[in-house]
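Below are the chains, spelled out letter by letter.
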Amino acid sequence: NAGVTQTPKFRVLKTGQSMTLLCAQDMNHEYMYWYRQDPGMGLRLIHYSVGEGTTAKGEVPDGYNVSRLKKQNFLLGLESAAPSQTSVYFCASSLYFQGVHLGTEAFFGQGTRLTVV
Amino acid sequence: SQQGEEDPQALSIQEGENATMNCSYKTSINNLQWYRQNSGRGLVHLILIRSNEREKHSGRLRVTLDTSKKSSSLLITASRAADTASYFCAKDQTGANNLFFGTGTRLTVIP
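Residues numbered from 1 in each chain as written. Chains lettered and ligands numbered in written order. Predicted model: local features only at pLDDT ≥ 70, side-chain atom pairs only at ≥ 80, totals over all residues. Heavy atoms only, no water.

S.K.: Which residues make up the packing of aromatic side chains, and what values go with them?
M.R.: In the structure shown here, the tally under the stated rule is 9 aromatic pairs over all chains. Between Phe108(A) and Tyr35(B), the ring centres sit 5.8 Å apart and the planes meet at 75°, which makes this aromatic pair edge-to-face. Of the two residues, Phe108(A) sits in strand S10 (residues 106–108) while Tyr35(B) sits in strand S4 (residues 29–37), which places them in two different chains. Per residue, the accessibility class of Phe108(A) equals that of Tyr35(B), and both read buried. (Phe/Tyr/Trp six-rings, centres within 6.5 Å; stacked < 30°, edge-to-face > 60°. Helix = DSSP H or I, 4+ residues; strand = E, 2+ residues; numbered from the N terminus. Buried < 20%, exposed > 50% of the residue type's maximum accessible area, 1.4 Å probe, protein only.)

So this is what it looks like as structure tokens:
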């Protein structure tokens, strides 16, 4: 099993350009997340999905859009990149039992380092 | 912030010593999880403790949870140079559908 795979691993964008980050998981997980990690800020949740066809906003959703057309894929889009979006982006997935608040561990991808100039 | 805080922000110890990291939170939780991140890599799950548990062990790791104080601690015993990494606590908050991470503790173990 590959686990959680993110593409690309590195990208440099010019201000105003758009791009899509792809996250794929092969563990049949219901929940998927996009986080950004900035120095001294820890991980902050951008958007998440609790199942195929669903998305929801996290703590810092502005400037980003997401889609979960297939259960195994979660896409993060930047429509018009800004320097403030320079960050390391992590995708994660978890198996969560609906209605039963047990919770399980999250599996993370290796990250995408994005620089907006 | 609703994520709570971890302390210390950075910790440097000699190999063989124990390392203790603390995590506080503000709202009720289903469980609390600890993750490790090596430089330039993704996060890896270490251990999960549920809200009705007080202590949990996994190898050289010991986690405690005090829900009355809304705090948790991670103890790494007999540290090794390979334990050098950042450690994050993540709160699975009641009523939420995601994990809230703290800012992490940067642990350096000196050989």
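So that's the structure; there's more coming.
S.K.: Go over empty space enclosed by the protein, please, and point to the residues and values.
M.R.: Per the stated rule, a full pass over the model turns up 1 cavity of 30 Å³ or more. In this structure, the largest cavity occupies an estimated 60 Å³ of space. Around the largest cavity sit 11 residues that line it, and Tyr33(A), Ser94(A), Tyr96(A), Asp92(B) and Leu99(B) are the ones nearest its centre. In the lining of the largest cavity, the residues fall into 4 nonpolar, 6 polar and 1 charged. (1 Å grid on protein atoms, 1.4 Å probe; cavity = no way out; pocket = protein on both sides within 12 Å on 5 of 7 lines; lining within 4 Å. Points joined across faces, edges and corners; volume = space filled by probe spheres on them. Nonpolar A, V, L, I, M, F, W, Y, C, P; charged D, E, K, R; others polar.)

S.K.: Tell me about the interface of chain A and chain B, and name the residues and values.
M.R.: With 23 residues of chain A at the interface, the matching set in chain B holds 24 residues. Contact between chain A and chain B buries roughly 1,800 Å² in total, counting both sides, with carbon and sulfur atoms accounting for 49%. Counting every contact that joins chain A to chain B gives 0 salt bridges. Linking chain A with chain B are 4 residue pairs in polar contact (both at pLDDT 80 or more). Partitioning the side of chain A that touches chain B into residue classes produces 13 nonpolar, 8 polar and 2 charged. (Contact = heavy atoms within 4.5 Å. Buried area = accessible area lost by both parts, 1.4 Å probe. Salt bridge = Lys/Arg side-chain N within 4 Å of Asp/Glu carboxyl O. Polar contact = N/O pair within 3.5 Å; in protein donor to acceptor, adjacent residues only side chain to side chain.)

S.K.: Explain the state of the cysteines to me, and be specific about the residues and the numbers.
M.R.: The full count for this structure, using the stated rule, is 2 disulfides over all chains. Put simply, Cys23(A) and Cys91(A) are joined by a disulfide, and their sulfur atoms are 1.9 Å apart. Taking the sign of the torsion about the S-S bond as the criterion, the disulfide between Cys23(A) and Cys91(A), at about -75°, is left-handed. Of this pair, Cys23(A) sits in strand S3 (residues 19–25) while Cys91(A) sits in strand S9 (residues 87–94), and the two are 68 residues apart along the sequence. Across the pair, exposure class does not vary: Cys23(A) and Cys91(A) are buried alike. Covalently, Cys23(B) is tied to Cys89(B) through a disulfide, its sulfur atoms 2.0 Å apart. Measuring the twist about the S-S bond at about 65°, one finds the Cys23(B)-Cys89(B) disulfide to be right-handed. Of this pair, Cys23(B) sits in strand S3 (residues 19–24) while Cys89(B) sits in strand S9 (residues 85–93), placing them 66 residues apart in sequence. The same class applies to Cys23(B) and to Cys89(B), which are both buried. (Disulfide = S-S within 2.5 Å.)

S.K.: Describe the nonpolar core, naming the residues involved and giving the relevant values.
M.R.: Core analysis: the biggest nonpolar cluster contains 21 residues, and Met21(B), Leu32(B), Trp34(B), Leu74(B), Ile76(B), Tyr87(B) and Leu107(B) have the highest contact counts within it. Secondary-structure elements contributing two or more residues to this core are strand S2 (10–14), S3, S4, strand S5 (43–50), strand S7 (61–66), strand S8 (71–76), S9 and strand S11 (105–110) of chain B. (Core = buried A, V, L, I, M, F, W, Y, C linked by side-chain atoms within 4.5 Å.)

S.K.: Provide a residue-level description of the sheet that holds strand S8 (residues 73–78) of chain A, including the pertinent values.
M.R.: Consider a sheet: its strands pair through backbone hydrogen bonds, and that pairing is either parallel or antiparallel. Residue and element names in this part refer to chain A. Read from one edge of the open sheet, 4 strands run S1-S3-S8-S7, paired in antiparallel fashion. The open sheet is flanked by strand S1 (4–7) and strand S7 (64–67), the only strands paired with a single partner. Going across the sheet, the axis of each strand differs from the next one's by a mean of 20°, ignoring polarity. Relative to S3, S1 is paired through 4 bridges, and the arrangement is antiparallel. Across the sheet, the residue bridging to Gln6 is Cys23, located in S3. (Pairing = 2+ DSSP bridges. Axes fitted to C-alpha atoms, helices over the stretch in contact; angles between N-to-C directions.)

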